[in-house]
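So you can see what is in the structure, the chains are spelled out below.
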Amino acid sequence: MKRREFLTWAGAAGIAATALTGCNSETGEQAGAVTANGPTPADPIRWKMVTTWPKNFPGLGTGANNIAKYITDMSGGRLVVDVYGAGEIVPALEVFDAVKAGTAQMGHGAAYYWQGKMPAAAFFAAFPFGLTADEMNGWLYHGEGIELWEELYAPHGIIPRPGGNTGPQMGGWFRKPIDSVEDFKGLKMRLPGIGGEVLRRLDVSVVNTPGGELFQALNDGTIDAAEWVGPFNDLAFGFHRAAKYYYAPGWQEPSATMEALINQEAFEALPADLQAIVEGAIKSAALDMLSEFTARNNRALKTLTEEHGVELRYFSDEIMEALFEKSNEVLAEITEGDEFAKRVFESLTDYRRDVAGWTEGSEYTFLTSRQRFLD
């Protein structure tokens, strides 16, 4: 029986705790004692969660905070999770390694940050011209997504789970207008994942600057353009003070799945009811994140355009066609060079082909009609 099929809410409350002890595999320190009577609020198990986000950053950082809060609250204080932002324990891009080593029992980030370690990882976050948030959740929870993700991370002793979704993202902030493909040449831009490799094919110098350093890099001209998330997060970072032109659509990330990382050794040392709570808390927090981005993005976009004078622009058909062509080239190379990436991408593209008919025949036609009436 698969782990997540076993760990259901129905039986969680009545499962007896076992006498196990969780241990930090790097330092040897206990993650928290589990006695025959189980942990108690007076003597809880304590976990660390490290994130790729600045501490308490709206949307992404608070999404990690919510996971920790839900685990702590739902366990009645028997399992307490303390959250550390990027740089507090480890740098932003070392979160995966920290969870693998047991320096922290949990992590929160995005899988495309580990693309250099595992080419297939990026597909579990986003890929160009890929899936909407609802479509991605369908593949993860009711397709092959989570099973493949677990298989990829298993050699590292990490259990991955969907830790939220931003919904559709934007195409980025630019210090100058981008009216044609030629305008990309020579730019230095922050864009992680597969999208960054696509832009390299258009002669862009791509960097993977951590979020906390992005505003300064854009403001002082170290980079010419930056993609982060969307209006809600981008307003919080103040990118409008560094660049004037804000482009859509987010071709590189039509949605972006965040990930919760769990150290497998620490997880398996928990009583089964706490394992179920960890799983349920992550799923609840993931729903909260997508809901918050959906509710706040439009208000933030109005603030950017109406109060701060940001110019909202759309990539031309010429640019979108070039991006699609280069995306196909990059995806073909990634999948040809890595057998596991090929398996994941074939699963994704088969699913995308099937689900597109429903999405376009239902949501797209409805939204097109609704907009006519609202206008």
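Since the model is a prediction, treat every value here as computed from it, not as a measurement.

Calculation rules
Residues numbered from 1 in each chain as written. Predicted model: local features only at pLDDT ≥ 70, side-chain atom pairs only at ≥ 80, totals over all residues. Heavy atoms only, no water. Helix = DSSP H or I, 4+ residues; strand = E, 2+ residues; numbered from the N terminus. Buried < 20%, exposed > 50% of the residue type's maximum accessible area, 1.4 Å probe, protein only. Contact = heavy atoms within 4.5 Å. Areas by Shrake-Rupley, 256 points an atom, 1.4 Å probe, with all protein chains shown as cover. Lys, Arg positive; Asp, Glu negative; His and termini not counted. Charge placed at Lys NZ, Arg CZ, Asp CG, Glu CD. Pairing = 2+ DSSP bridges. Phe/Tyr/Trp six-rings, centres within 6.5 Å; stacked < 30°, edge-to-face > 60°. Lys NZ or Arg CZ within 6 Å of the ring centre and 35° of its normal. Axes fitted to C-alpha atoms, helices over the stretch in contact; angles between N-to-C directions. Salt bridge = Lys/Arg side-chain N within 4 Å of Asp/Glu carboxyl O. 1 Å grid on protein atoms, 1.4 Å probe; cavity = no way out; pocket = protein on both sides within 12 Å on 5 of 7 lines; lining within 4 Å. Points joined across faces, edges and corners; volume = space filled by probe spheres on them. Nonpolar A, V, L, I, M, F, W, Y, C, P; charged D, E, K, R; others polar.

(A) Highlighting the overall build of the chain. Across its full length, the chain holds 13 helices and 13 strands. Taken over the C-alpha atoms alone, the chain extends approximately 65 × 45 × 45 Å along its principal axes. By the burial criterion, 54% of the 375 residues in the chain qualify as buried. Residue pairs at least 24 apart in sequence account for 77% of intrachain contacts in the chain once pairs closer than 6 positions are excluded. For the chain, the accessible area works out to roughly 16100 Å², and carbon and sulfur atoms hold 51% of it. Across the chain, 32 positive and 51 negative side-chain charges occur, with their mean positions spaced 3 Å apart.

(B) Broad picture of the sheet that holds strand β11 (residues 245-248). The sheet built from six strands is open, its strands ordered β9-β8-β10-β7-β11-β13 with mixed pairing. Two strands lie at the open edges of the sheet, namely β9 (205-207) and β13 (311-314), each paired on one side alone.

(C) Looking closely at the packing of aromatic side chains. Counted under the stated rule, the structure contains 26 aromatic pairs. When the ring of W173 is compared with that of F239, the centres are 6.3 Å apart and the planes differ by 55 degrees; the resulting orientation is tilted. Of the two residues, W173 is situated in strand β7 (residues 172-174) and F239 in the loop between α9 (231-237) and β11; the sequence distance between them amounts to 66 residues. A cation over a ring is seen here: R372 above F373, with NZ or CZ 5.1 Å from the ring centre.

(D) A look at the sheet that holds strand β4 (residues 79-84). What the five strands build is an open sheet, ordered β4-β3-β5-β12-β6; its pairing is mixed. On the outer flanks of this sheet lie β4 and β6 (158-165), each paired with one strand and no other. Between one strand axis and the next, the sheet turns through 25 degrees on average, direction left out of account. Here seven bridges tie β6 to strand β12 (residues 257-263), and the two strands are oriented antiparallel to one another. Within the sheet, the bridge partner assigned to N165 lies in β12 and is T257. The strands touched by helix α11 (residues 272-307) within the sheet are β3 (45-51), β4, β5 (106-109), β6 and β12, with β6 carrying the most contacts at an inclination of about 30 degrees.

(E) Representation of the pattern of salt bridges in the model. Scanning the entire structure with this criterion turns up 20 salt bridges. Between R313 and D179 there is a salt bridge, and its shortest N-O distance comes to 3.6 Å. Taken as a pair, R313 in strand β13 and D179 in the loop between β7 and β8 (188-190) lie far apart in primary sequence, 134 residues in all. Its salt-bridge partner being E182, residue K185 comes within 3.3 Å of it at the nearest N-O pair.

(F) A look at empty space enclosed by the protein. With the rule as written, the count across this model stands at five cavities of 30 Å³ or more. Taken as a whole, the largest cavity holds about 50 Å³ of empty space. Considering the residues around the largest cavity, the lining is formed by W53, L60, Y112, Y113, Q169, R190, W228, V229 and M258. Residues belonging to the lining of the largest cavity are distributed by class as follows: seven nonpolar, one polar and one charged.

(G) Structural context of unusual backbone geometry. Looking along the chain, the bond that leaves A248 and enters P249 is cis, with omega of 0 degrees. When you line up the elements, P249 lands in the loop between β11 and β12. One non-glycine residue, N56, adopts positive backbone phi at about 60 degrees. The residue N56 is located in the loop between β3 and α3 (60-74) in this model. At F129, a residue that is not glycine, the phi angle is positive and equals roughly 55 degrees. Here F129 is to be found in the loop between β5 and α5 (133-142). Given the relative accessible area of 22%, F129 is considered partly exposed.

(H) Inspection of the layout of surface pockets at higher detail. Considering only enclosed or pocket space, the largest pocket measures out at about 1400 Å³ in volume. Along the walls of the largest pocket sit 35 residues, with T132, G167, P168, P254 and L367 positioned nearest its centre. Elements with a minimum of two residues in the lining of the largest pocket: α5, α11, β13 and α13 (339-374). Per-element accounting of the lining of the largest pocket gives the leading share, nine residues, to α13. Tallied by class, residues from the lining of the largest pocket come to 19 nonpolar, 10 polar and six charged.

Without other data, these values stay purely geometric and don't point to any function.
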